[in-house]
Amino acid sequence: MTVRTRIAPSPTGAPHIGTAYIALFNYAFAKKNKGQFILRIEDTDQQRSTPESEQAIFDALRWVGMAWDEGPDSGGPMGPYRQSERMETYRQYGRELVDKGAAYPCFCTAERLNELRQKQMEDKATVGYDGHCAGLPSDEVARRIAAGEPHVIRMKVPSSGECIFKDRLRDEIRIPWAQVDHQVLLKSDGFPTYHLANVVDDHLMQITHVIRGEEWISSTPKHVLLYQLFGWQPPEFIHLPLLRNPDKSKLSKRKNPTSILYYQRAGFLPAAIRNYLGLMAYSLPDGREFFSLEDLVETFDIDRVSLGGPVFDVQKLQHFNAEYIRAMPPADLLKELKAWALNDEVWLKVLPLAQPRLEQLSDVMDKTSFLFTDRLRYEAAALIPGEMDGLEVAKLIKAAQWLLEVPGAWDTDTVRQVFERIAETKALKLKKLLPIFFVAMAGSTVALPLFDSMVLLGRDMVLRRLQYALDMLDETGVSLKGKTLKKFEKEFQSDYAGS
RNA sequence: GCCCCCAUCGUCUAGUGGCCUAGGACGCCGGGUUCUCAUCCCGGUAACACGGGUUCGAACCCCGUUGGGGGUGCCA
């Protein structure tokens, strides 16, 4: 049987560096075994999935060199590879389970479920569905469905015993069935949940090895049960340790840049990123620390994966990146620079902004350098206009960060609207508000037009610079963290509700 | 709370019972080369979480404790 692995990202935000990490191991394992590596888009969350995010995932994964053999864009024999296009399939398999008595319609409202959860937490009991709708008489079920009452399909789970499955890196894992919830398989909007879609697709797409993050270990029993119910051969499970922040928590954008696009924009080379990621939880058998993707594939041995969660250390990544840059002939470096940002296309966007401000050609670097750099140098005090205090500024920056990270269009109008909205909500003149952001984006209140600059910097770099600004304020003792942050979050939600 | 996973320098890791007075890399510190800086070279700092076993012998095997992480959603 040919080895087939997959990466299955959800298009709900910026393409995550952790996705690249998991993709790399899936890729290396598939290629080492002369198999195929598949990209599948898991867009079953209709609320949060966006086409922009999907496109960004394609671009980012391609950029880091994770060439997939089959995928939504390139097609393949077992498509479609976008779950929103496979609705009929999930519906059928969902019905099969209901017919078999392995799943049942559930009419419980969100309110009831919340109350239930609340109560269970108070009682310190295991949190989970109480089976309220599991025993509904079939005529009542038929009647309520016919009446168009919203419902989900839930999976029946044994109430005793334990699920035993094998993880290639950990050997046997045992989880009591009592710990496994009656998982929703089909949501009330007709979309499947991850659990159903992932099992159905992995089977239909003949995935032989599921290599994913260890956050999935606790829901693996649900998957194992589904394979059993369908009478399918489950794939081999291989759970990789999660990338961590310096404080060891799961890698998150608040504590570390996580968008692949940020790393691209900041001038990291794909080869260096691949190399560095290949060192996360892994080492080559011969101990080499510099290696190409081909080297990794050739010598790849998944059983060498180590299980301690690796801290993603940007400083070490930087070291590898530097080594790659220095090893390059200048002509190649020039090519990289052109591919990165120093090309006609970029300059033709930048120049219209700079041109009115040029007196000599030699002014051009001075006027535009902030658009090409990663970390800006400025004094934290520069962020704080005379009449404001630090915390006030931090809150404005945080609000902008929250408003700007919402996926969707990224153009001058969108950006402008965000700042107009902040100004309006806070009853501030735009003129008072913007200097903060000029400094955060350009390091100075004297710069090219702000909104256009932000569009050119790209969402990921903009969010990164806002984070830098917050970090700098933090260093001066302006702390928007913990309780203060929680409190502000509520404030923010009520301030910016609706509109 | 309950369930699961994990545990070697600050960080990434090598190490699968004797080769370990634990090796490499990043970082940090000191020195050298260089018109400056960076590079480069040399040196240094620093770890087997703890307690019990098993064994002639444990970083490596077993148990417990502690610590960290994840899960506990009509998110993935």
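Residues numbered from 1 in each chain as written. Chains lettered and ligands numbered in written order. Predicted model: local features only at pLDDT ≥ 70, side-chain atom pairs only at ≥ 80, totals over all residues. Heavy atoms only, no water.

Enquirer: Where do I start with the overall build of chain A in this structure?
Expert: Scanning chain A for helices and strands turns up 20 helices and nine strands. Relative to the 2.2 N^0.38 estimate, which gives 23 Å for 499 residues, the radius of gyration of chain A is 26 Å and therefore close to what a compact globule would have. Taken along its principal axes, the extent of the C-alpha atoms in chain A is 80 × 60 × 40 Å. Considering chain A as a whole, with its 499 residues, one finds that 48% of them fall into the buried category. (Helix = DSSP H or I, 4+ residues; strand = E, 2+ residues; numbered from the N terminus. Rg over C-alpha atoms; globule rule 2.2 N^0.38 Å. Buried < 20%, exposed > 50% of the residue type's maximum accessible area, 1.4 Å probe, protein only.)

Enquirer: Is there a simple way to explain the protein's contact with RNA strand B in this structure?
Expert: Within the structure, RNA strand B sits among 51 residues, and Thr-44, Gln-179, Lys-187, Ala-281 and Glu-289 are positioned closest to it. Near the protein, within 4 Å, the atoms of RNA strand B are sugar or phosphate in 79% of cases. A distance of 3.3 Å separates a phosphate oxygen of RNA strand B from a polar side-chain atom of Arg-117. Take Lys-250: an N or O atom from its main chain is 3.2 Å from a phosphate oxygen of RNA strand B. Along the lines of polarity and charge, the residues of the surface near RNA strand B split into 18 nonpolar, 13 polar and 20 charged. (Near = heavy atom within 4 Å. Polar contact = N/O pair within 3.5 Å; in protein donor to acceptor, adjacent residues only side chain to side chain. Nonpolar A, V, L, I, M, F, W, Y, C, P; charged D, E, K, R; others polar.)

Enquirer: Hey, could you run me through helix 16 (residues 412-425) in this one?
Expert: Each α-helix turn comprises 3.6 residues. Residues three or four places apart therefore point the same way. Between its terminal C-alpha atoms helix 16 stretches 20 Å, which fits the 20 Å expected from 14 residues at 1.5 Å a residue. Among the residues making up helix 16, those that are buried are Val-415, Val-418, Phe-419, Ile-422 and Ala-423. Buried residues of helix 16, seen end-on, are gathered within an arc of 130 degrees and therefore sit on one face of the element. For helix 16, the exposed residues lying more than 90 degrees away from the buried face are Gln-417 and Glu-424. Where helix 16 is buried, its residues meet helix 15 (390-404), helix 17 (430-442) and helix 18 (450-457). Ala-427 occupies a position one or two residues after helix 16 and carries a positive phi of about 50 degrees. (Expected span 1.5 Å × (residues − 1). Arc of directions from axis to C-beta. Contact = heavy atoms within 4.5 Å.)

Enquirer: Would you mind showing me how to read the packing of helix 9 (residues 270-277) against helix 11 (residues 314-327) here?
Expert: The relative placement of two packed helices comes down to the angle between their axes together with the axis-to-axis distance. Close contact between helix 9 and helix 11 brings their axes to 9 Å; oriented N to C, the two are set at 135 degrees. Between helix 9 and helix 11, the crossing angle belongs to the class labelled oblique. The hand of the helix 9/helix 11 crossing is right-handed. Residue-level inspection shows Ala-271, Ala-272, Ile-273, Asn-275 and Tyr-276 of helix 9 in contact with helix 11, the latter providing Lys-316, Leu-317, Phe-320, Asn-321 and Tyr-324. (Axes fitted to C-alpha atoms, helices over the stretch in contact; angles between N-to-C directions. Parallel < 35°, antiparallel > 145°, perpendicular 65-115°, else oblique. Left-handed = near helix turned anticlockwise from the far one by under 90°.)

Enquirer: Which parts of the structure should I look at to understand the side chain of Asn-26?
Expert: Its place among the elements puts Asn-26 in helix 1 (residues 17-32). With relative accessibility at 0%, the residue Asn-26 sits in the buried group. Here the side chain of Asn-26 touches Ile-211 through a polar contact of 2.9 Å, landing on its backbone oxygen. The contact partners of Asn-26, leaving out residues within four places of it in the chain, are Thr-5, Arg-6, Phe-37, His-209 and Ile-211.

Enquirer: What is the right way to look at unusual backbone geometry in this model?
Expert: Leave glycine aside and you will find that most residues have negative phi; peptide bonds, for their part, are mostly trans. Cis geometry is found at the peptide bond from Gly-79 to Pro-80, where omega equals -5 degrees. Examined against the element boundaries, Pro-80 turns out to sit in the loop between helix 2 (51-63) and helix 3 (87-100). One non-glycine residue with positive phi stands out, namely Lys-34, at about 55 degrees. Tracing the backbone through its elements, the reader meets Lys-34 in the loop between helix 1 and strand 2 (36-39).

Enquirer: What should I look at first to understand the packing of aromatic side chains in this one?
Expert: Where two aromatic rings form a pair, the distance of their centres and the angle of their planes describe that pair. Summed over all chains, the structure comprises 26 aromatic pairs. With a centroid separation of 5.9 Å and an interplanar angle of 70 degrees, the aromatic rings of Phe-25 and Phe-300 are classed as edge-to-face. Taken as a pair, Phe-25 in helix 1 and Phe-300 in the loop between helix 10 (293-299) and helix 11 lie far apart in primary sequence, 275 residues in all. Their ring planes at 85 degrees and their centres at 5.3 Å tell us that Tyr-93 and Phe-230 sit as a pair that is edge-to-face. Residue Tyr-93 is found in helix 3, and its partner Phe-230 is found in helix 7 (residues 220-230); the two are separated by 137 residues along the sequence. Like Tyr-93, the residue Phe-230 is buried in the burial classification. Connected via pairs of aromatic rings, a cluster forms that spans Tyr-262, Tyr-263, Phe-268, Tyr-276, Phe-290, Phe-312, Phe-320 and Tyr-324. In this arrangement the basic side chain of Arg-144 is found over the ring face of Phe-107, its NZ or CZ atom lying 4.3 Å from the centre. (Phe/Tyr/Trp six-rings, centres within 6.5 Å; stacked < 30°, edge-to-face > 60°. Lys NZ or Arg CZ within 6 Å of the ring centre and 35° of its normal.)

Enquirer: It is not clear to me how the sheet that holds strand 7 (residues 184-186) should be interpreted in this structure. Could you clarify?
Expert: Adjacent strands of a sheet pair through backbone hydrogen bonds, lying either parallel or antiparallel. The sheet built from three strands is open, its strands ordered 3-4-7 with antiparallel pairing. Where the open sheet ends on each side, the last strands, each with one partner, are strand 3 (103-106) and strand 7. Adjacent strand axes in the sheet meet at a mean angle of 45 degrees, parallel and antiparallel pairs treated alike. Examined bridge by bridge, strand 4 (residues 152-155) and strand 7 share two bridges and lie antiparallel to one another. Counted as the bridge partner of Arg-154 is Val-184 from strand 7. (Pairing = 2+ DSSP bridges.)

Enquirer: Explanation requested: the confidence of the model for chain A in the structure shown.
Expert: Interpreting fine coordinate detail is not advised for predicted regions of low pLDDT. Per-residue confidence for chain A gives a mean pLDDT of 93, with 100% of residues at or over 70. Of the two predicted TM-score estimates for the complex, the pTM is 0.94 and the ipTM is 0.95. (pLDDT = per-residue confidence, 0-100.)

Enquirer: Looking at this model, I keep getting lost on helix 11. Mind explaining?
Expert: Taking 1.5 Å as the rise per residue, helix 11 with 14 residues should run 20 Å; its terminal C-alpha atoms sit 20 Å apart, in good agreement. Inspection of helix 11 places Leu-317, Phe-320 and Asn-321 among the buried residues, and these make up the whole buried set. For helix 11, the angular spread of buried residues about the axis comes to 100 degrees, placing them on one side. Exposed residues on helix 11 whose side chains face more than 90 degrees from its buried face are Gln-315 and Arg-326. Buried residues in helix 11 make contact with helix 8 (260-265) and helix 9. Where helix 11 begins, one side-chain oxygen reaches toward the backbone nitrogen of Gln-315, 3.0 Å away; that side chain belongs to Asp-313.

Enquirer: Please clarify how the environment of Lys-490 should be interpreted in this entry.
Expert: Along the chain, Lys-490 turns up in helix 20 (residues 482-495). Judged by relative accessible area, which is 64%, Lys-490 ranks as exposed.

Enquirer: Explanation requested: the domain arrangement of chain A in the structure shown.
Expert: By domain assignment, chain A separates into domain 1 (4-72 + 243-324), domain 2 (86-234) and domain 3 (380-496). Computed from C-alpha atoms alone, the centre-to-centre distance between domain 2 and domain 3 is 42 Å. (Domains from an automatic or database assignment.)

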